Amino acid sequence: MRYSETFIPTLRDDPADAEVVSHKLMTRAGMIRKVAAGIYTYLPLGWRVIGKVEQIVREEMTRGGAQELRMPAVQPAELWRESGRWGVYGKELLRVNDRHDRQFCIGPTHEEVITDLVRGEVRSYKQLPLNLYQMQTKFRDEIRPRFGLMRGREFIMKDGYSFDADEPGAEATYRRMEEAYRRIFSRMGLDFRAVEADSGQIGGSFSHEFMVLADTGEDDVVSCTACSYAANSEKATSRVAAPESRPTPPLESVETPAVHSVEEVAVFLKTSPDRLIKTLIFDTADPEADDPAAARKQEADRFVAVLIRGDREVNEVKLVNHLKVTAARLATDGEIARLTGGPVGFSGPVGLKGVRIVADHSVKALTDAVSGANHQDRHHVHVQPGRDFPLADTVDLDTARAGDGCPRCDGTLTVQRGIEVGHIFKLGTKYSQAMNATFLDPEGKKKPFVMGCYGIGVGRTAAAAIEQNHDARGIIWPMAIAPAQVLLLCMNMKSTPLVEAAEKLYTELEAQGIEVLYDNRPERAGVKLTDAELLGIPLLLVMGDRGLERGVVEVKERRSGDVTETPLADTAARVAARVREALTSRA
RNA sequence: CGGGGCGUGGCGCAGCCUGGUAGCGCACCUGCUUUGGGAGCAGGGUGUCGGAGGUUCAAAUCCUCUCGCCCCGACCA
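Below or above, wherever it landed, is the structure these notes cover. Computed from a predicted model, the values in this text were never measured in an experiment. (Residues numbered from 1 in each chain as written. Chains lettered and ligands numbered in written order. Predicted model: local features only at pLDDT ≥ 70, side-chain atom pairs only at ≥ 80, totals over all residues. Heavy atoms only, no water.)

With that out of the way, let us pick up the overall build of chain A. Secondary structure assignment for chain A yields 17 helices and 31 strands. Considered along the principal axes of its C-alpha atoms, chain A spans approximately 95 × 65 × 50 Å. Looking at chain A as a whole, 52% of its 587 residues are labelled buried. Restricting the contact set of chain A to residue pairs at least 6 apart, pairs at least 24 apart contribute 71%. As presented, chain A carries roughly 26300 Å² of accessible surface, and 50% of it is formed by carbon and sulfur atoms. Considering chain A, the positive charge centre built from 77 side chains and the negative charge centre built from 86 side chains are found 2 Å apart. (Helix = DSSP H or I, 4+ residues; strand = E, 2+ residues; numbered from the N terminus. Buried < 20%, exposed > 50% of the residue type's maximum accessible area, 1.4 Å probe, protein only. Contact = heavy atoms within 4.5 Å. Areas by Shrake-Rupley, 256 points an atom, 1.4 Å probe, with all protein chains shown as cover. Lys, Arg positive; Asp, Glu negative; His and termini not counted. Charge placed at Lys NZ, Arg CZ, Asp CG, Glu CD.)

Structural data, given as C-alpha cells:
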C-alpha cells in the first residue's frame, strides 16, 4: 500500500463529539467517520482492521467446527411472531414495512432465521451436530448509542448458532466454542477474562461473557484474586460475613426524628449499617408494555418490598430475574407512602401488608436488627427476621463488591472495568420449541434441537483493542489486527537515492509477504512521523539520508519506542521474521 | 423518555448577552525559502452561520417551531 494512493484522512484535533479514546483515535487516524448517531462509515484503514478481526474469528470458528453462511439483514415479522419476540423485543427492534405494507425488521440477531432454516432442512439426529455462523451487519436501535464503535446502532457482529441432539452434545459444543473464543481473543493480543454472565433478554440457562479489561469499559468484572472465579457484576456473588449473632429481645418501636438514611439511622441508634434491614419498594411495571390487559393484571402484584442488609446494595438484574419481570424501578415517594403508610426513609417489613416481600440472604442471617416502622420518625429495634415478619422468599439479590470474599474459595474479590466483546449462551430448546424445530432421534421420536448461540462484536473488538492499547500519541495495534504490519517511512522524497532505496525495500518486504504501508508522501518528516504514531502500525521503518549513507534502516517498535538499526540488505528478511514472531507468539 | 448542552469554511472554535458589510487557528490552493518530529514569508476565501417561519429599515445575533448531534439520568428508604 502506498500512502499517497490510500485514503487516510487523519485529523490533528480530537473530534468534538467523541468521548472515549477509541472513538477519538479511530476518527483521527482516518479509520471511521460518523454518518448518524451510532452509525459509521469504515474508511479503508478501519475496514482493514475489521477484515483482520473477521479473519481470525473465521479461522478459529472453523477450527471449532463451525461453518460460515450468510443470512439476510431484513427479516419477516412472521418469524418473530412465531418465536414470541415480535411483542417483547421492544423499541430496539427497528421495524419497517414494505410496499405491500408487510412488516419486517432489520435483524438485531438471527435466532429466528437460523431456526427456521434448520427446521426446514434437518430431519435426523444423523445430521447433528450442526454449528453455523455468519459475519453480519446488525441493527439495534439503542436508547443511547455512544462511544463510537463501542456501542453503535448499526454494527458488525459474528453470530453463531449450534444445534445438538441432546444436552451433553450441546455442552460439548459450548465448550468447543468457549475454547475457540479464548483462542480468538488471545491471538488478537488482548487482555481479557471469560466471566460468568447473566443470560439477559435472549434467555437460556448458561452463559459466559468475554471481557476485554479496560478502564473505559461499561461493565464491571468481578474476579477472585486467588482462584479462577470471574463473573459479570450483574451475576457475581460473594461471601458476605454476617455481623456477630446475638439474642434478640422483644420487638420495640423507637422515636427516630428526621433520620432517613441508613447512615443516619445507624449513627442515631448507635449501631452499624450491617445491623439494619434496608427496605426498598420496587415498581415492577413494564415501562414499555403495550398490552393494557397484561398491565392491569400486573397492577395487583406490581410492587415488591425488597429487604437487604443496610450496608449492601440490591442488584436489580438479579431482582428482575428472580421476579421474572422485565424491569424494576424504585417506587415514587407517593407510592411508598400509599403502600407502607409511612414516608420515604421509614419503610420496614414489620407489619407491612399487601406488598410482596423478597429478602436477600444477608437479611436471613441478622439478629437483633433495626428496620423502619412504616411511620414518620419511627424505627423498630430488636427485629428478628422470621419472628417479626415472614421470611418466605429469600434469594441472592446482593451486589458483589471489591473486597468481598470469593464464593468459591477463601480469596478476595476485585472489580475491574471490562468491555464485553463476546458472549456465548446455551440456549437449550427455547427457540426450537417455540418454533417447532424438531428432528427424529434413533427411536424415531420427535425432539426439539438443543441450541447454543455465540456472538462477537467485531467493531467493538477493534475499539476495545484501542482502549487497551494506546498512548498519548495514538493507537498501538497488536500485530494480529493492525491495518498493516509495517509502516515504511521515507523521510525525504526529494532525495533520489533515498527514494530508490525505499522503493526497493518496499518491494522486498511485499515479496516477503509482509503488509506494508509505504509512506511516500511528499510531506515533511515531522508530519509523517506524527501520523505514523497516530496510526499505530506496530513496526516503523524509518529511512533517511543519514542512515542510507551508513547503509542502515531504523526499525522502531511502536509500543516500546525502541529503535534498532539493521543493515539495509537484510532489513526485509529481519523485519519479516519479527512480524511472524509477533503473530505466532500469541497463538 | 426526562434533564442539560451544542449546531458558524474541511477540522477545532470566537462572534450571539447589548441586531448594523462573518472572523481566528489549523487544513487547503499559488509562489519562494526550508527539509530527521505537525516549517517560514507573501498572496488566495473555499460560508445556504443546521432548517422553516416570524419581529425589524436591518437577524449568525431576538422570538416560535423543527431537525441533527453530544453529555447526564431513579443509587433513595
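If you look at the biggest cluster of nonpolar residues, it comprises 62 residues, and the most contacted ones within it are Tyr-181, Phe-185, Met-188 and Trp-477. The biggest single contributor to this core is helix H2 (residues 44-63), with seven residues. In this view, Tyr-181 contacts Met-61, Lys-158, Phe-210, Gly-422, His-423, Ile-424, Tyr-454, Gly-455 and Ile-456; residues no more than four positions away in its chain are not counted. Within the second largest apolar cluster, 26 residues are counted, among which are Ala-77, Leu-130, Phe-425 and Phe-439. (Core = buried A, V, L, I, M, F, W, Y, C linked by side-chain atoms within 4.5 Å.)

As a matter of local geometry, RNA strand B sits amid 44 residues, with Arg-12, Arg-144, Arg-329, Leu-330 and Ile-336 nearest to it. Sugar and phosphate atoms form 48% of the subset of RNA strand B atoms that lie within 4 Å of the protein. In this structure, Lys-494 approaches RNA strand B through a side-chain N or O atom, which is 2.7 Å from a base oxygen. Taking Arg-524, its side chain carries an N or O atom lying 2.8 Å from a base oxygen of RNA strand B. Looking at the surface near RNA strand B, the elements with two or more residues in it are strand S1 (32-36), strand S14 (277-283), strand S16 (329-330), helix H15 (525-535), helix H16 (545-550) and strand S30 (552-557). Top element by residues in the surface near RNA strand B is H15. It accounts for seven residues. (Near = heavy atom within 4 Å. Polar contact = N/O pair within 3.5 Å; in protein donor to acceptor, adjacent residues only side chain to side chain.)

The next thing to look at is the pairing of strand S2 (residues 39-42). Pairing geometry for S1 and S2, over four bridges, is antiparallel. Its bridge partner lying in S2, Arg-33 is registered against Thr-41. Counting the residues that bridge the hairpin from S1 to S2 gives two residues, and of these Gly-38 lies at a positive phi of roughly 75°. (Pairing = 2+ DSSP bridges.)

The next thing to look at is the packing of H2 against helix H6 (residues 167-187). Packing of H2 against H6 leaves a shortest axis separation of 9 Å and a crossing angle of 150°. Between H2 and H6, the crossing angle belongs to the class labelled roughly antiparallel. The chirality of how H2 crosses H6 is right-handed. Between H2 and H6, the contacting residues are Ile-56, Val-57, Glu-59, Glu-60, Met-61 and Arg-63 on the first element and Arg-176, Met-177, Ala-180, Tyr-181, Arg-183, Ile-184 and Arg-187 on the second. When its residues are assigned to classes, the contact of H2 with H6 shows seven nonpolar, no polar and six charged. (Axes fitted to C-alpha atoms, helices over the stretch in contact; angles between N-to-C directions. Parallel < 35°, antiparallel > 145°, perpendicular 65-115°, else oblique. Left-handed = near helix turned anticlockwise from the far one by under 90°. Nonpolar A, V, L, I, M, F, W, Y, C, P; charged D, E, K, R; others polar.)

This part takes up the pairing of strand S29 (residues 539-543). With five of its five residues buried, S29 lies for the most part within the structure. Sheet topology note: the strand S27 (residues 486-490)/S29 ladder contains five bridges and is parallel. Opposite Leu-488, over in S29, you have Leu-541 as the bridge partner.

Next up on the list: the sheet that holds S14. Taken together, five strands build an open sheet; the order of strands is S16-S14-S15-S17-S20 and the sheet is mixed. Looking at the sheet topology across the chains shown, the edges are occupied by S16 and strand S20 (394-395). Examined bridge by bridge, S14 and S16 share two bridges and lie antiparallel to one another. Within S16, the residue paired with Phe-282 across the bridge is Leu-330. Sheet strands touched by helix H9 (residues 316-323): S14, strand S15 (303-309), strand S17 (356-360) and S20. Its angle to S17, the strand with the most contacts, is close to 130°. Strands S14 and S15 of the sheet are contacted by helix H10 (residues 333-340), whose axis makes an angle of about 110° with S14.

Note that Ser-560 resides in the loop between S30 and strand S31 (563-567). Accessibility expressed as a relative area gives 37% for Ser-560, which makes it partly exposed. Sequence separation between Ser-560 and Ile-476 is 84 residues; the distance between their C-alpha atoms is 9.7 Å. At 2.6 Å, the side chain of Ser-560 forms a polar contact with the side chain of Glu-557. A polar contact is formed between the side chain of Ser-560 and the backbone nitrogen of Asp-562, at a distance of 3.1 Å.

The next point concerns the packing of helix H1 (residues 21-28) against helix H13 (residues 458-468). H13 packs onto H1 with a crossing angle of 105° between their chain directions and a minimal axis gap of 8 Å. Relative to H13, the element H1 lies roughly perpendicular. Within the contact between the two elements, H1 uses Val-21, Ser-22, Leu-25 and Met-26 and H13 uses Ala-462, Ala-463, Ile-466 and Glu-467. A per-class count over the contact of H1 with H13 returns six nonpolar, one polar and one charged.

Pairing within the open sheet is antiparallel, and its three strands lie in the order S13-S19-S18. In this open sheet, the two strands that pair with only one neighbour each are strand S13 (252-255) and strand S18 (369-372). Going across the sheet, the axis of each strand differs from the next one's by a mean of 30°, ignoring polarity. As defined by bridge partners, S18 adjoins strand S19 (residues 378-383) across three bridges and the pair is classed as antiparallel. Directly across from Ser-371, in S19, lies its bridge partner His-380.

Right, let's talk about unusual backbone geometry for a bit. The omega angle of the peptide bond from Leu-128 to Pro-129 is 0°, so this bond is cis rather than trans. A positive phi angle is found at Ala-258, which is not glycine, with a value near 55°. Turning to its location among the elements, Ala-258 is positioned in the loop between S13 and helix H7 (262-268).

Our next topic: helix H14 (residues 496-511). With 16 residues, H14 extends 23 Å from end C-alpha to end C-alpha; this agrees with the ideal 22 Å at 1.5 Å per step. Three or more residues of H14 are buried, namely Leu-498, Val-499, Ala-501, Ala-502, Leu-505, Tyr-506 and Leu-509. Each buried residue of H14 sits inside an arc of 160° when the element is viewed along its axis, so together they form one side. In H14, the exposed positions angled more than 90 degrees off the buried face are occupied by Thr-496, Glu-500, Lys-504, Thr-507 and Ala-511. Those residues of H14 hidden inside the fold are in contact with S27, strand S28 (516-519), S29, H16, S30 and helix H17 (568-585). Gly-513 sits one or two positions beyond H14 and adopts a positive phi of about 80°. (Expected span 1.5 Å × (residues − 1). Arc of directions from axis to C-beta.)

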